Amino acid sequence: MGSFGVMRRPELADLMLLATVTLWALNFTVTKYVISHGFQPVAYSVLRFGSAAVLFASFTWWRERSFAIGRRDLPVLVSAALIGIFINQLAFVYAIKLTTATTVALLFGTLPVMTGIFAFLLGIERLNSRFWMAAALAFAGAALVALGSGGGVSGQLWGDLLGFAAAATWAWYTVAVSPLLKRYSTVRVSAVAFSAGTIPLLAVGLPQLARQDYGRLGVTIWLLLAFAVVGPLVLANLLWFGGIRRVGPSRASVFANAQPFLAAVFSLLILSEPLGRFQVAGGVLIACAILISRVPTRTRAVVAT
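Everything quoted here is computed from the prediction, not taken from an experiment.

The rules behind each value
Residues numbered from 1 in each chain as written. Predicted model: local features only at pLDDT ≥ 70, side-chain atom pairs only at ≥ 80, totals over all residues. Heavy atoms only, no water. Helix = DSSP H or I, 4+ residues; strand = E, 2+ residues; numbered from the N terminus. Buried < 20%, exposed > 50% of the residue type's maximum accessible area, 1.4 Å probe, protein only. Contact = heavy atoms within 4.5 Å. Phe/Tyr/Trp six-rings, centres within 6.5 Å; stacked < 30°, edge-to-face > 60°. Axes fitted to C-alpha atoms, helices over the stretch in contact; angles between N-to-C directions. Parallel < 35°, antiparallel > 145°, perpendicular 65-115°, else oblique. Nonpolar A, V, L, I, M, F, W, Y, C, P; charged D, E, K, R; others polar. Patch = residues over 30% accessible without salt bridge, like charges linked within 9 Å, V, L, I, M, F, W, Y side chains within 5 Å. Areas by Shrake-Rupley, 256 points an atom, 1.4 Å probe, with all protein chains shown as cover. Salt bridge = Lys/Arg side-chain N within 4 Å of Asp/Glu carboxyl O.

### Some words on the overall build of the protein
Across its full length, the protein carries 12 helices and 2 strands. In sequence order, the secondary structure elements of the protein are arranged as α-α-α-α-α-β-α-α-α-α-α-α-α-β. Here the protein holds 305 residues, and the buried ones make up 52% of them. Taking the contacts inside the protein whose residues are at least 6 apart along the sequence as the reference set, 90% of them involve residues at least 24 apart.

Below, the structure written as structure tokens:
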């Protein structure tokens, strides 16, 4: 039998990235549910990222006994955190508040295109045509998910714009911190970045934290907050950047296009947001894009040193 008769087993990086996007997809629905049931948007983000920063810092100190980042790298990491955590979270929570979880997840389907552009502009990767074909196919799948959600992409223009901004800022963060992972552990980078991003988030969120009626939040809401910290933030970040170490940021970002379809499924089950034929078709295209990105080629994305 030739090579066509052998199915290549998924690589460890593939499984890590698929687990990551599953957690992230569920996070869209969890965030929508929590904000719709009593949590102020920025107050929720402050508690979530503040808790994650404490967890990352505690684990980093226990394992490495140091948070040291080089003088040249620290400004890069802090600026990446301000864009990829502080601005990202403001855009994300208000996008979720103004439109559907499925729509926001759809806009995150643009991650491969934006990540590829940022990686190219920063000289981190040289991309082959197969990646761009996979990215285009995934974006087409994301567009079908949007068309299937009813009423076009969204009737809430601000929600769409903020959702796109959230995707763009996360793409920038992914690319900006990628070179630092060659010199520092994922947990150290995350501990410093989450702390740097949470400080301005706390400053902006103080009024909402003060107004928040914590007594009206039920046990379910607090459990969902705990999941949102441990799952999509702590565990998913370890898996995401672990995958990036193995395959580079652009190929890793193609997996993020599974989010729209998965988020639509979770939204259907939890929030009763509709799931139509176009969304299913879009999910199939996204899956095909991921498979195309995995096919070995002679010219692979090159990570600059």
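Moving on from the coordinates now.
### Focus: the packing of aromatic side chains
For the structure on display, the rule yields 11 aromatic pairs. Here Trp24 and Trp170 contribute two aromatic rings whose centre-to-centre distance is 5.6 Å and whose plane-to-plane angle is 85 degrees, an arrangement assigned as edge-to-face. Within this pair, whereas Trp24 is found in helix α1 (residues 12-36), its partner Trp170 is found in helix α7 (residues 157-177), the two being separated by 146 residues in sequence. A relative accessible area of 9% places Trp24 in the buried class. Here Trp170 falls in the buried class, since its relative accessible area comes to 11%. Taken together, a centroid distance of 5.3 Å and an interplanar angle of 35 degrees make the contact between Phe49 and Phe194 tilted. Pair noted here: Phe49 is in helix α2 (residues 41-64) and Phe194 is in helix α8 (residues 186-211), with a separation of 145 residues, a long-range link. Accessibility classification places Phe49 together with Phe194 in one group, the buried group. Members of the aromatic cluster, each reached through a chain of ring pairs, are Phe39, Tyr44, Tyr214 and Trp222.

### A look at the packing of α1 against helix α3 (residues 73-98)
In the contact formed by α1 and α3, the axes pass within 9 Å of each other and the chain directions differ by 70 degrees. Here α1 lies roughly perpendicular to α3, going by the angle between them. Judged by residue contacts, Asn27, Phe28, Thr31, Lys32 and Ile35 of α1 engage Phe92, Val93, Ile96 and Lys97 from α3. Residues that form the contact of α1 with α3 fall into these classes: 5 nonpolar, 2 polar and 2 charged.

### Quick word on a nonpolar patch on the surface
A cluster of nonpolar side chains, contributed by Ile117, Phe120, Leu121 and Trp132, occupies part of the molecular surface with about 440 Å² of accessible area. Sort the elements by how many residues they give to the nonpolar patch and helix α5 (residues 111-121) lands first, with 3 residues.

### Topic: unusual backbone geometry
When glycine is set aside, most residues are seen to have a negative phi, and most peptide bonds are trans. Residues other than glycine seldom take positive phi values, yet Arg65 does so here, at roughly 55 degrees. Inspection of the secondary structure puts Arg65 in the loop between α2 and α3.

### Quick notes on the side chain of Thr198
Position of Thr198 relative to the elements: it lies in helix α8. With residues up to four places along the chain from it excluded, the contact list for Thr198 reads Val46, Phe49, Gly50 and Ala53.

### A short note on the pattern of salt bridges
Tallied over the full model, the rule gives 3 salt bridges. Of the charged contacts, one joins Glu64 and Arg188 as a salt bridge, the two residues approaching to 2.8 Å between their closest N and O atoms. Of this pair, Glu64 sits in helix α2 while Arg188 sits in helix α8, and the two are 124 residues apart along the sequence. A relative accessible area of 22% means that Glu64 is categorised as partly exposed. Salt-bridge contacts for Arg183 lead to Asp73; the nearest nitrogen and oxygen are separated by 3.0 Å. Placement of Arg183 in the loop between α7 and α8 and of Asp73 in helix α3 is noted, with a sequence separation of 110 residues between them.

Structural measurements only, silent on function.
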